[in-house]
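Per-entry structural report
Okay, here's what each chain looks like letter by letter:
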Amino acid sequence: QVQLVESGGGLVQAGGSLRLSCAASGSILSVSAMGWFRQAPGKQRELVAEITRGGSINYADSGKGRFTISRDKGNNLVYLQMNSLKPEDTAVYYCAAQTIRTGAFDSWGQGTQVTVSS
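All of the points below concern the structure found in this document. (Residues numbered from 1 in each chain as written. Predicted model: local features only at pLDDT ≥ 70, side-chain atom pairs only at ≥ 80, totals over all residues. Heavy atoms only, no water.)

What to know about unusual backbone geometry
Non-glycine residue Asn76 carries a positive phi angle of around 55°. Following the sequence through the fold, Asn76 ends up in the loop between β7 (67-72) and β8 (77-82). Although it is not a glycine, Ser84 adopts a positive phi angle of roughly 50°. Tracing the sequence through the fold places Ser84 in the loop between β8 and β9 (91-99). (Helix = DSSP H or I, 4+ residues; strand = E, 2+ residues; numbered from the N terminus.)

Section: the sheet that holds β7
With antiparallel pairing, 4 strands are arranged side by side in an open sheet as β1-β3-β8-β7. Sheet topology places β1 (2-7) and β7 at the edges, where each strand pairs with a single neighbour. Ignoring which end each strand starts from, the neighbouring axes of this sheet average 20° apart. (Pairing = 2+ DSSP bridges. Axes fitted to C-alpha atoms, helices over the stretch in contact; angles between N-to-C directions.)

Quick word on the packing of aromatic side chains
In this description, an aromatic ring pair is defined by two values, namely the gap between the centres and the angle between the planes. Within this structure, the stated rule accounts for 3 aromatic pairs. An aromatic cluster of at least three residues, connected via ring pairs, comprises Phe37, Tyr94, Phe105 and Trp108. Lying over the aromatic face of Tyr79, Arg19 brings its terminal NZ or CZ to 4.1 Å of the ring centre. (Phe/Tyr/Trp six-rings, centres within 6.5 Å; stacked < 30°, edge-to-face > 60°. Lys NZ or Arg CZ within 6 Å of the ring centre and 35° of its normal.)

Notes on the environment of Leu18
Position of Leu18 among the secondary structure elements: in strand β3 (residues 18-26). What makes Leu18 buried here is its relative accessible area of 15%. Sequence-distant contacts of Leu18, defined by excluding residues within four places in its chain, comprise Gly8, Gly10, Val12, Leu80, Gln81, Met82, Leu85 and Val114. (Buried < 20%, exposed > 50% of the residue type's maximum accessible area, 1.4 Å probe, protein only. Contact = heavy atoms within 4.5 Å.)

What about the side chain of Arg66?
Its location among the elements puts Arg66 in the loop between β6 (57-59) and β7. Overall, the relative accessible area of 10% leaves Arg66 in the buried class. Engagement of the side chain of Arg66 in a polar contact is seen with the backbone oxygen of Ser62, the distance being 2.7 Å. Once residues within four sequence positions are removed from consideration, Arg66 is found in contact with Gln81, Met82, Asn83, Ser84, Leu85, Lys86 and Asp89. (Polar contact = N/O pair within 3.5 Å; in protein donor to acceptor, adjacent residues only side chain to side chain.)

Structure representation (structure tokens):
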């Protein structure tokens, strides 16, 4: 089991920036990828960005050019740098871990609220 704790959310004006952090602990060796997801009110949870164990990165179209996912492997941290934020980026952002055994994102953090005002 992997435990995940997010931090760094908050209220920001449109055009501003935030950096989200995710601290992972537990069965880190079972993780094949880490991802950031978000869920806005009334909408389904969606992938924002992911980074594999090997360092491959994938972004959803919504964040390309504005969001950057990175990691500090030594400290089991994953970051999401979000620039040029828009009101439509308002959502609860979740950190998730994909495990080798299932191939699914099956460990989740509690989420952190990001609110972008216009």
